Amino acid sequence: MPRDKRVPLSAIDKVSASRERIERVCLKAFALDTVKAVCYRFAAEGCQGLSVSDDGMSAEVRFRLASTVSAAEEQALVGRFHQDLLDQDLRKTVSERTELVRQLILANAFADTALVDRGHE
Amino acid sequence: MATSEPALAKRFQPLSSYRSRPDDEPAYRLLPFNFARFDEQRYLLSNDAGEYYLLARTDLVAAVDGRLNPDSETYRDLRARHFLYDDHSDAALDLLALKVRTKHARIRDFTGLHIFVVTLRCDYSCPYCQVSRQSEDQSAYDMDEATALTALEYVFKSPSPTVKIEFQGGEPLLNFPLIRFIVERAERLNQAEKRDLAFVIASNLSFIDGEILDYCEAHGIGFSTSLDGPAHLHDANRPRPGRDGHRRTREGIRRVRERLGPDRVSALMTTTAASLAEPRAIIDEYIDAGFHSVFLRPLSPYGFAVKTRQTEKYDFERFLRFYREGMDYILALNRNGWPFVEHYSALMLTKLLSVQPTRYVDLQSPAGAAISALVYNYDGGVYASDEGRMLAEMGDETFRLGDVHKDSYEQILLNPTLHAVLEESLTYGAPECYQCAFQPFCGSDPVYHHATQGDWVGHKAFSAFCARTQQVTSYLIHKLEDEPADREILLDWVRP
């Protein structure tokens with residue numbers, strides 16, 4: 001898997017506690033909405049809580065892992081979580097850059113008429 | 001778009017306003033798309049028109065960052081599939097909008113399928129059946145003519161140019177006189193309406209006889225039946241007195257074919273826990289019965305299927321293994337010269353490879369509730385879908401839209417619950433769906449999520465409906481992109 005180099009992995013700190021695992025995410029590297037979206041996606045894999053530090057600089061994501069989850073599976077889960085943070089960050093970029101044109105396309109599709117006045121071009 | 005409406009045009013800026021960019025910006029602009037990791041090497045991109053593309057993450061990041069080489073194959077592919085546009089693709093937005101509109105064409109011509117539940121009586125006692133009743137009292141569970149007449153009025157108020165009336169039960173042949181009444185009234189009404197009118201009876205074929213076949217031949221009525229596999233499996237899934245359901249069904253299929261023609265009977269199977277170990281035997285049974293297709297579908301979490309804990313007997317991963325094993329067998333059959341189609345895959349392939357809308361109720365956005373089908377229950381109750389009716393039999397009337405005896409067609413179609421369901425089932429705005437790469441090939445199933453999570457939108461991370469769509473779609477894309485021999489077979493399954 002090619003590694004995205006735009007966000008250094010050192011931006012993310014990791015703290016483990018028994019079968020509860022906490023992932024700390026730097027909010028200077030990732031927007032809080034990005035972290036929320038990834039937490040939603042990992043809800044079925046034990047992601048149970050999200051809190052923001054008092055200084056607003058980091059988010060703590062809490063995983064509750066079943067005792068049957070092996071160390072290797074836990075590492076793989078955490079790896080996918082961080083990869084998904086990068087992916088979600090990229091989704092945010094795509095969404096922001098294409099939001100206006102998407103609205104135009106949908107309006108044009110559902111209005112069933114010529115809405116764009118090409119005479120102004 | 002050679003012409004435009006000046007008044008409407010004021011509501012939108014000209015295209016040039018979307019093209020303002022500094023000199024250091026790339027020569028192309030992104031069009032909206034979603035993406036997801038597909039495998040260890042590739043990402044899946046998709047857009048609202050249903051186009052998809054696989055590429056490496058480095059290429060994805062380069063495309064987003066404006067660093068894609070315009071001379072590269074990836075660039076040309078992404079432009080051709082409407083993931084980006086440049087000065088050489090003037091019609092990109094219009095074409096994309098046209099494709100999006102085509103994919104949603106069913107909304108304009110809504111409700112092509114009208115299901116008449118003519119009786120709940122049935123000779124079978126299937127443990128997963130949601131609705132059937134063992135009763136000798138006809139008046140208790142049979143639809144009457146007055147109810148049928150009002151329902152027929154509503155059928156022809158739907159704007160759909162095609163109207164299919166499906167008779168369901170229970171076992172609908174136990175109330176065949178009412179089927180005759182409805183068919184003849186519908187034909188009379190259609191002399192003025194001139195719709196493309198069709199009839200189908202969903203029957204176990206136990207009670208088929210020469211008189212019924214004569215009538216069906218004269219009126220062009222087809223049959224849909226249930227065939228769960230070889231005798232031991234079918235009879236275990238669908239017990240009836242005498243344990244001869246399989247023999248009767250196969251005999252009924254033979255008689256319908258002989259009299260009405262080979263294409264006038266189709267079959268559906270239900271996958272119970274007992275089925276999961278036998279995909280090949282099930283497919284072989286369909287071949288033996290003369291079919292060239294099967295629908296490998298999971299058990300719905302409604303009605304008696306929940307009450308008798310049938311749906312808890314297998315998890316979704318086991319169903320997917322069953323599906324993959326069945327598909328691998330079907331593809332091998334095709335490679336060996338026996339044309340055979342799996343219907344769910346064919347539906348997904350049509351969504352992947354065509355802009356034409358499919359009519360499959362469970363994969364629509366907004367949901368197919370009332371837009372794809374209306375159900376008229378034996379007692380006059382109207383439901384947004386067959387699953388909604390099944391849920392009602394368990395005491396949950398969330399998807400009951402009204403009653404033909406009390407409510408007008410307009411009151412039923414303007415039911416506030418229906419509108420809330422339709423609004424919240426638009427995948428463009430649903431949580432997670434709005435950014436899901438599988439969204440163009442998926443849809444909403446509010447009844448499923450209501451039944452399994454108590455919420456008609458549902459939490460997608462826990463949804464087996466989402467898992468099925470994603471994994472079946474991934475399986476098919478893998479076959480299309482990485483297995484050339486299978487690709488040739490699958491392309492033949494696309495039926496716009």
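Residues numbered from 1 in each chain as written. Chains lettered and ligands numbered in written order. Predicted model: local features only at pLDDT ≥ 70, side-chain atom pairs only at ≥ 80, totals over all residues.

**Q** I'm lost on the overall build of chain A in this one. Help?
**A** When helices and strands are tallied, chain A shows two helices and four strands. Along chain A, from the amino end to the carboxyl end, the secondary structure elements read β-β-α-β-β-α. Counting over 121 residues, chain A shows a buried share of 25%. A fraction of 57% describes how many contacts in chain A between residues 6 or more apart in sequence connect residues 24 or more apart. (Helix = DSSP H or I, 4+ residues; strand = E, 2+ residues; numbered from the N terminus. Buried ≥ 20, exposed ≤ 12 C-beta atoms within 10 Å, placed from the backbone. Contact = placed C-beta atoms within 7 Å.)

**Q** Just to check I follow, could you spell out the environment of Asn-69 of chain B for this structure?
**A** Residue and element names in this part refer to chain B. Mapped onto the fold, Asn-69 is located in the loop between α2 (57–65) and α3 (73–80). Using a count of 10 C-beta atoms within 10 Å as the deciding quantity, one classes Asn-69 as exposed. With 383 residues separating them in the primary sequence, Asn-69 and Thr-452 have C-alpha atoms 47 Å apart.

**Q** Can you walk me through unusual backbone geometry in this structure?
**A** Note: most peptide bonds trans; most residues except glycine with negative phi. Residues and elements named next belong to chain B. Cis peptide bonds are those with omega within 30 degrees of zero, and the linkage from Gly-169 to Gly-170 qualifies with 15°. Here Gly-170 is to be found in the loop between β7 (162–168) and α7 (176–193). The step from Ser-365 to Pro-366 runs through a cis peptide bond, and the omega angle for that step is 0°. With respect to the element layout, Pro-366 can be found in the loop between α14 (343–353) and β13 (373–376). One non-glycine residue, Thr-111, lies in positive phi territory at about 60°.

**Q** Sorry, what's going on with the sheet that holds strand β3 (residues 42–46) of chain B here?
**A** Strand pairing in a sheet takes place through backbone hydrogen bonds and is either antiparallel or parallel in direction. All names here are of chain B. Strand order in the open sheet formed by three strands is β2-β3-β4, with antiparallel pairing between adjacent strands. Pairing within the sheet leaves two strands with one partner each, and these edge strands are β2 (34–37) and β4 (52–56). Neighbour-to-neighbour, the strand axes of this sheet turn through a mean angle of 25°, independent of strand direction. Relative to β4, β3 runs antiparallel, the two sharing five bridges. (Pairing = 2+ DSSP bridges. Axes fitted to C-alpha atoms, helices over the stretch in contact; angles between N-to-C directions.)

**Q** Hey, could you run me through the pairing of strand β6 (residues 113–117) of chain B in this one?
**A** In the case of a regular strand, side chains alternate between the two sheet surfaces. Residue and element names in this part refer to chain B. Along β6, five of the five residues are buried, which leaves the element largely enclosed by surrounding structure. Burial along β6 is two-sided: the face carrying Leu-113, Ile-115 and Val-117 and the face carrying His-114 and Phe-116 are both buried. Across five bridges, β6 lies against β7 in parallel orientation. Across the sheet, the residue bridging to Leu-113 is Lys-164, located in β7. As judged from the four bridges shared by β6 and β13, these two strands associate in the parallel manner.

**Q** Even after reading the chapter, I still don't get the nonpolar core, so can you show me in this structure?
**A** A general feature of soluble globular proteins is that nonpolar side chains tend to end up buried together. Core analysis: the largest hydrophobic core is formed by 72 residues, its most contacted members being Ile-105 of chain A together with Leu-31, Leu-45, Leu-96 and Met-348 of chain B. Residue contributions to this core peak at nine residues, all from helix α2 (residues 71–111) of chain A. Formed by 67 residues, the second largest nonpolar core is a distinct cluster that contains Val-118, Ile-165, Ile-179 and Val-183 of chain B. (Core = buried A, V, L, I, M, F, W, Y, C linked by C-beta atoms within 7 Å.)

**Q** Before we go on, may I ask you to explain the sheet that holds strand β8 (residues 196–202) of chain B in this structure?
**A** All names here are of chain B. With mixed pairing, the eight strands of this open sheet are ordered in space as β10-β9-β8-β7-β6-β13-β14-β15. If you trace the sheet from one side to the other, it starts and ends with β10 (265–268) and β15 (400–403), each paired once. In this sheet, neighbouring strand axes are inclined to one another by 25° on average, regardless of whether the strands run parallel or antiparallel. Where β7 meets β8, six bridges bridge the pair, whose relative direction is parallel. Among the inter-strand pairings, Phe-167 is bridged to a residue of β8, identified as Ile-201.

**Q** I keep staring at the confidence of the model for chain B and nothing clicks. Help me out?
**A** Predicted coordinates in areas of low pLDDT are best not read in detail. Residues and elements named next belong to chain B. In this model, chain B carries a mean pLDDT of 89, and residues with pLDDT of at least 70 account for 89%. Every residue in residues 1–10 is under pLDDT 50, and counting partners more than four places away or in other chains gives 18 contacts. Overall, residues 309–313 carries pLDDT values under 50, and its contacts beyond four positions in sequence, including any with other chains, amount to 10 contacts. Note on the complex model: pTM 0.87, ipTM 0.83. (pLDDT = per-residue confidence, 0-100.)

**Q** Can you walk me through the confidence of the model for chain A in this structure?
**A** All names here are of chain A. Chain-level pLDDT for chain A is 82 on average; 77% of the residues reach the 70-or-more range. When pLDDT is averaged over each element of chain A, helix α1 (residues 32–41) comes out on top at 97 and strand β1 (residues 12–17) at the bottom at 46. Throughout residues 1–14 the model reports pLDDT below 50, and contacts reaching past four residues in sequence, or to other chains, amount to 22 contacts.

**Q** What should I look at first to understand the environment of Leu-27 of chain A in this one?
**A** Of note, Leu-27 of chain A is situated in the loop between β2 (20–26) and α1. On a C-alpha basis, the gap between Leu-27 of chain A and Ser-58 of chain A in space is 4.9 Å, while along the polypeptide they are 31 residues apart.

**Q** I keep staring at the packing of α1 of chain A against α2 of chain A and nothing clicks. Help me out?
**A** When two helices pack together, you describe them by how their axes are tilted relative to each other and by the distance separating the axes. Residues and elements named next belong to chain A. Between α1 and α2, whose axes approach to 9 Å, the crossing angle comes to 130°. For the element pair α1 / α2, the angle class is oblique. Seen along the crossing, α1 lies across α2 with a hand that is right-handed. In contact with Thr-34, Ala-37, Val-38 and Arg-41 of α1, α2 contributes Phe-81, Asp-84, Leu-85, Gln-88, Asp-89 and Lys-92. Classifying every residue of the contact of α1 with α2 gives four nonpolar, two polar and four charged. (Parallel < 35°, antiparallel > 145°, perpendicular 65-115°, else oblique. Left-handed = near helix turned anticlockwise from the far one by under 90°. Nonpolar A, V, L, I, M, F, W, Y, C, P; charged D, E, K, R; others polar.)

**Q** I'm lost on the domain arrangement of chain B in this one. Help?
**A** The parts lose accessible area when they come together, and the size of an interface is often stated as this lost area. All names here are of chain B. The domain boundaries assigned to chain B delineate domain 1 (33–103) and domain 2 (105–328 + 337–347 + 355–413). Taking the mean C-alpha position of each, domain 1 and domain 2 sit 40 Å from one another. Contacts between the two partners involve six residues from domain 1, matched on the other side by four residues from domain 2. (Domains from an automatic or database assignment.)

**Q** Sorry if this is basic, but what is going on with the pairing of β8 of chain B here?
**A** Residue and element names in this part refer to chain B. The parallel pair β7 and β8, bridged by α7, forms a crossover whose chirality is right-handed. Bridge count for β8 against strand β9 (residues 221–226) is four bridges, and the pairing is parallel. Following the sheet pairing, Ala-202 is matched in β9 by Ser-224. Handedness of the β8-helix α8 (residues 210–219)-β9 crossover: right-handed. (Right-handed = clockwise from strand over helix to strand, strands pointing away.)

**Q** In this structure, what is going on with the environment of Arg-389 of chain B? I would like to understand it.
**A** Positionally, Arg-389 of chain B belongs in helix α15 (residues 386–393). Of the residues examined, Arg-389 of chain B has 27 C-beta atoms within 10 Å and is grouped as buried.

**Q** Is there a simple way to explain the packing of helix α11 (residues 279–288) of chain B against helix α13 (residues 316–335) of chain B in this structure?
**A** Residues and elements named next belong to chain B. Taken N-terminus to C-terminus, the directions of α11 and α13 make an angle of 45°; their axes are 9 Å apart at the nearest point. Between α11 and α13, the crossing angle belongs to the class labelled oblique. The element α11 and its partner α13 pack so that their crossing is right-handed. Of the residues in α13, those in contact with Pro-279, Arg-280 and Ile-283 of α11 are Phe-322, Glu-325, Gly-326, Tyr-329 and Ile-330.

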